[in-house]
Amino acid sequence: MKRKKILVTGGAGYIGSHTCVEFINAGYEPIILDNFSNSKEFIPERIQEITGTKPRVIDLDCAAYESLLEAVKAEGNINGIVHFAAFKAVGESTRKPLDYYYNNVASTTSILKLMEALAIDNFVFSSSCTVYGQPDVLPVTEDSPIKAAESPYGRTKQICEDLIQDFYKAKEDLKAVSLRYFNPIGAHPSSLIGELPLGVPNNLVPYITQTAIGLRQNLTIFGDDYDTPDGTCIRDYIHVVDLAKAHVAALSYLEKSNNGLYDIFNLGTGTGNSVLEVVNTFEKIAQMKLNYTIGPRRQGDIVKVFADVSKSKNLLNWETKLSLIDALRDAWNWEKSLKTADIS
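Computed from a prediction, not measured in an experiment: that's the story for all the values here.

Novice: What is the right way to look at the overall build of the chain in this model?
Specialist: Regarding its fold elements, the chain presents 12 helices and 13 strands. Here the C-alpha atoms of the chain give a radius of gyration of 19 Å, agreeing with the 20 Å that 2.2 N^0.38 yields for 344 residues. Referenced to the eigenvectors of the C-alpha coordinate spread, the extents of the chain come out at roughly 55 × 45 × 40 Å. Expressed as a percentage of its 344 residues, the buried residues of the chain come to 56%. Taken as a whole, the chain presents about 14700 Å² of accessible surface, with 48% of it coming from carbon and sulfur. Of the side-chain charges in the chain, 35 are positive and 42 negative, and the distance between the mean point of each set is 3 Å.

Novice: What's the story with the state of the cysteines in this structure? I'm lost.
Specialist: Put plainly, two cysteines are in a disulfide when a covalent bond ties their sulfur atoms together. What the rule picks out here adds up to zero disulfides. The thiol of C20 is unpaired, and the distance to the nearest cysteine sulfur, on C62, comes to 13 Å. For C20, a relative accessible area of 0% gives the class buried. Of the cysteine sulfurs around C62, a residue in no disulfide, the closest is that of C160, at 11 Å. On the basis of relative accessible area, C62 is assigned to the buried category, the value being 4%.

Novice: For this particular structure, what's the right way to read the pairing of strand β2 (residues 29-33)?
Specialist: Regular strands place side chains that alternate from one sheet face to the opposite one. Judged by how many residues are buried, β2 sits mostly within the fold: four of five residues are covered. Here five bridges tie strand β1 (residues 5-9) to β2, and the two strands are oriented parallel to one another. Across the sheet, K5 pairs through a bridge with E29, a residue of β2. Read as a crossover between parallel neighbours, the route from β1 over helix α1 (residues 14-25) to β2 is right-handed. Of the strand pairs in this sheet, β2 and strand β3 (residues 56-58) are connected by three bridges, and their pairing is parallel. The partner of I31 across the bridge, within β3, is R56.

Novice: Please clarify how unusual backbone geometry should be interpreted in this entry.
Specialist: As a rule of thumb, non-glycine residues mostly have phi less than zero, and peptide bonds are mostly trans rather than cis. Residue L138 is joined to P139 through a cis peptide bond whose omega torsion reads 0 degrees. In this fold, P139 is placed in the loop between β5 (122-128) and α6 (152-170). Unlike most non-glycine residues, S191 shows phi in positive territory, near 65 degrees. Residue placement: S191 occurs in the loop between β7 (183-185) and α7 (204-213).

Novice: In this structure, what is going on with the environment of S107? I would like to understand it.
Specialist: With respect to the helices and strands, the residue S107 is situated in helix α5 (residues 97-118). Residue S107 is classed as buried on the basis of its relative accessible area of 2%. Placed 32 residues apart in sequence, S107 and E75 show a C-alpha to C-alpha distance of 19 Å. Those residues in contact with S107 that lie beyond four places of it in its chain are C62, A63, H83, A85 and Y102. At 2.8 Å, the side chain of S107 forms a polar contact with the backbone oxygen of N103.

What counts and how
- Residues numbered from 1 in each chain as written.
- Predicted model: local features only at pLDDT ≥ 70, side-chain atom pairs only at ≥ 80, totals over all residues.
- Heavy atoms only, no water.
- Helix = DSSP H or I, 4+ residues; strand = E, 2+ residues; numbered from the N terminus.
- Rg over C-alpha atoms; globule rule 2.2 N^0.38 Å.
- Buried < 20%, exposed > 50% of the residue type's maximum accessible area, 1.4 Å probe, protein only.
- Areas by Shrake-Rupley, 256 points an atom, 1.4 Å probe, with all protein chains shown as cover.
- Lys, Arg positive; Asp, Glu negative; His and termini not counted.
- Charge placed at Lys NZ, Arg CZ, Asp CG, Glu CD.
- Disulfide = S-S within 2.5 Å.
- Pairing = 2+ DSSP bridges.
- Right-handed = clockwise from strand over helix to strand, strands pointing away.
- Contact = heavy atoms within 4.5 Å.
- Polar contact = N/O pair within 3.5 Å; in protein donor to acceptor, adjacent residues only side chain to side chain.

See the structure below:
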């Protein structure tokens, strides 16, 4: 049986690469669209090592619409698009807001134009729980109010969701979902792919593992005076393999619909862990004491957020299977597997 082609923008990135693995495992043919501005060119070979199939790669910037249209048209029939390609660091976005607005919003606009031009109906958008801002009530449901974003990154995700919804209203045969991730961590259990930040990590877990292996002198925890049990921020940490499988479930959900639709799903575990809990759990797994200090609060950080995932469970038939311990173990094994050439 011929495999359905899925265009995966940012498919060589952290979440994109794991999702390509799960699409191949589920019988699809992912085509990676990536300009490798925040990923490594060896990742498609690693996907092949895991699955036995090397995905095709289109080396392009999503925002370059004319080149994008020509390249994707040449691929033939595309069954759907999963759109990951975006800048994603909260702290960095407060320092470089123009970069975030241009890259994230322009690329999404370009992809939607592509869908209209080539009559591609199925669209899965990589969104974020940052669209909720600081929620008044926890856990967060998909009906929780969208508040003012705490960072330019969060605001770009809000804008992109609005773009998709407006596009759906104008083109009612579109079938689209926005997947609001909570905090992806971990790596593939093979240790062949994982989170690979270029330069200094902006996210907690790669900073932990790089500190543990000696690439960083120490970890700074941004604030310990928040209104939480131990004073540090609380997040809903989800294993990246669980998250990747949710994209397969989301595409299947769209394919089963005979009508256009736009829907939103939270993707998380449904529970929260504080920064210090994550650090302490890692120390037990790695059997070492981590060198960390407490610093001032970081601009743009939300105090606490975790998901109500009942909608994803009921409609996507998806829920997490892997634990915080699994994720930190896999992240540490990935870090230990890396060579200097991988991270330079």
